[in-house]
Amino acid sequence: MLVLDFAMADSSPSRAPSPILETLVVGAGVAGLSCAGALRRAGRGVVVLERAHDVGGRCATRRFDGQAVDFGPLFAHGHHPDFLRVLREVDAHPLRDWPRRVEGGGPPCQPGALEPTVRRVAFAQGMKALPRHLAQGLEIRLETRVTALRAFDGGFEVACGEGEPLRCRDLVLALALEQTRRLLRTLEPFPQSAGLQAVLGLFGSVPCLTVLAGYALDAPAPDWDVLYPETSDVLQLVAQDSSKRVAPRFRTFVAQARPKWSRQRLDVPPAQWSRELLEEAADHLGDWAATPLWTYPHRWRYARLSPTSELAGPLRIDFPGGARLGLAGDVFSPGGGLQAAWLSGTRLAGRLTQEPS
Ligand SMILES: Cc1cc2nc3c(=O)[nH]c(=O)nc-3n(C[C@H](O)[C@H](O)[C@H](O)COP(=O)(O)OP(=O)(O)OC[C@H]3O[C@@H](n4cnc5c(N)ncnc54)[C@H](O)[C@@H]3O)c2cc1C
């Protein structure tokens, strides 16, 4: 298990289980980090558990020879003043209003992302700059996958694979919807479980097969940042990712597939679907685009919420003995996406800092 303490880089892992932690947050995506940060600012003790080797979840950036390429959201967009303030605070080179050059009449990934009233920003260092900013000062245990939950009077026991189970009073699940439902099943039965599963079962995420492709810098540069093809059954979009980078070494493109096409190929070997996706992209870019210097395919099983999936706010469920279960994540705020994830986390923190009546 890795312990990443963004506040104290020198701190060494502590294996002694604390008797009962005040709050455990499962998931170091934007929702979990915003919740944990707000709880910490309110003076609460909070530890974040994350299965991956880094923070960010779907807000993901990968480096190729030092060059960042975003393979989750390409940019953040929103209108809520608090979310926009956080985006301004990120210690990274902002690219305001990216993408400036948009081509094609296909739909953006999130409805409304390109509306004139919505602010957009990307970061030259990659979108992971946002979760890294949110992670500052938090105690985050990486490579810690939560496998089961159990309630006891006054708290929760959280099993992390082979590791020592952790105990806490307040437990926050800040995961993709389907992952939340799966973990909640391990907590059953509790009085609200059937109703909760029924409500959450009304919603769902869509998959997105994504391929990143790198070319020599003298490859042709299209005159757009993002292309949303109108007629393709395959491509949701192609982004010229290198247009976000300062002094790029490669011309890079990101191709994201449409949900239906992705769903049909979830179990197909990546070499096959990434070739098909690039061939489709080459129809728009030119034949040269079918033979990149390198590619990186990524299968997002739960990429974005389906368009009608949204709840008005995060959920807090009170358990016997003063324990509280909180649910945050992009489904727990209107609109979906990064803004919804961030808002759900901060709003849940507000609900957890209210004592039970
Ligand atoms: C290809 C793609 C394109 C997108 N485009 C846009 C866009 O244009 N605009 C927009 O606003 N949004 C977009 N999104 C959606 C946006 O990325 C998400 O809505 C947002 O990042 C969700 O944040 P979250 O914190 O709710 O969940 P996540 O980011 O999924 O965070 C959950 C975290 O929990 C961890 N985890 C899961 N299970 C466990 C476990 N058992 N134990 C411990 N940790 C666990 C995961 O590793 C992850 O880090 C896109 C997403 C993808 C994939």
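See above for the structure.
Below: a short report on this structure.

Conventions adopted
Residues numbered from 1 in each chain as written. Predicted model: local features only at pLDDT ≥ 70, side-chain atom pairs only at ≥ 80, totals over all residues. Heavy atoms only, no water. Near = heavy atom within 4 Å. Polar contact = N/O pair within 3.5 Å; in protein donor to acceptor, adjacent residues only side chain to side chain. Areas by Shrake-Rupley, 256 points an atom, 1.4 Å probe, with all protein chains shown as cover. Helix = DSSP H or I, 4+ residues; strand = E, 2+ residues; numbered from the N terminus. Domains from an automatic or database assignment. Phe/Tyr/Trp six-rings, centres within 6.5 Å; stacked < 30°, edge-to-face > 60°. Buried < 20%, exposed > 50% of the residue type's maximum accessible area, 1.4 Å probe, protein only. Lys, Arg positive; Asp, Glu negative; His and termini not counted. Salt bridge = Lys/Arg side-chain N within 4 Å of Asp/Glu carboxyl O. Contact = heavy atoms within 4.5 Å.

1. Quick notes on the site of the ligand
Here's step 1: By nearness alone, 33 residues border the ligand, and E50, R58, H77, D330 and L338 come closest of all.
Here's step 2: At a separation of 2.9 Å, an oxygen atom of the ligand approaches a polar backbone atom of L338.
Here's step 3: Isolated, the ligand exposes 1000 Å² of accessible area, and the fraction of that covered by the protein chains is 96%.
Here's step 4: Counting residues per element, the ones that place at least two in the shell around the ligand are α1 (30-41), β18 (294-305) and α8 (337-352).
Here's step 5: Inspection of the shell around the ligand shows a minimum of three residues originating in each of domain 1 (2-56 + 132-203 + 308-352) and domain 2 (61-127 + 205-305).

2. A short note on the packing of aromatic side chains
Here's step 1: Across all of its chains, the model carries 13 aromatic pairs by this definition.
Here's step 2: Their ring planes at 65° and their centres at 6.2 Å tell us that F75 and W98 sit as a pair that is edge-to-face. With a gap of 23 residues between them, F75 in the loop between β5 (67-70) and β6 (76-78) and W98 in the loop between β7 (94-96) and β8 (102-103) connect regions that are remote in the sequence. Here the two residues F75 and W98 agree in accessibility, since each one is buried.
Here's step 3: Ring centres 6.3 Å apart and planes at 70° place the aromatic pair W224 and F253 in the edge-to-face group.

3. What about unusual backbone geometry?
Here's step 1: Along the chain, W98 connects to P99 via a cis peptide bond; the corresponding omega equals 0°.
Here's step 2: Here P99 is to be found in the loop between β7 and β8.
Here's step 3: Put simply, E188 and P189 share a cis peptide bond, and its omega is -5°.
Here's step 4: Among the structural elements, P189 can be located in the loop between α4 (177-187) and α5 (193-200).
Here's step 5: We note that D65 has phi near 55°; this positive angle belongs to a residue other than glycine.
Here's step 6: A positive phi angle, near 50°, is found at A247, a position not held by glycine.
Here's step 7: In this structure, A247 sits in the loop between β16 (235-240) and β17 (251-257).
Here's step 8: With relative accessibility at 66%, the residue A247 sits in the exposed group.

4. Quick notes on the side chain of E178
Here's step 1: Summarising the element assignment, E178 is placed in helix α4.
Here's step 2: R181 is the oppositely charged side chain nearest to the buried, salt-bridge-free E178, at an N-O distance of 6.9 Å.
Here's step 3: A polar atom in the side chain of E178 sits 2.8 Å from the backbone nitrogen of S205.
Here's step 4: Setting aside residues up to four positions removed in sequence, E178 forms contacts with G204, S205 and Y302.

These values are about where atoms sit, not about what they do.
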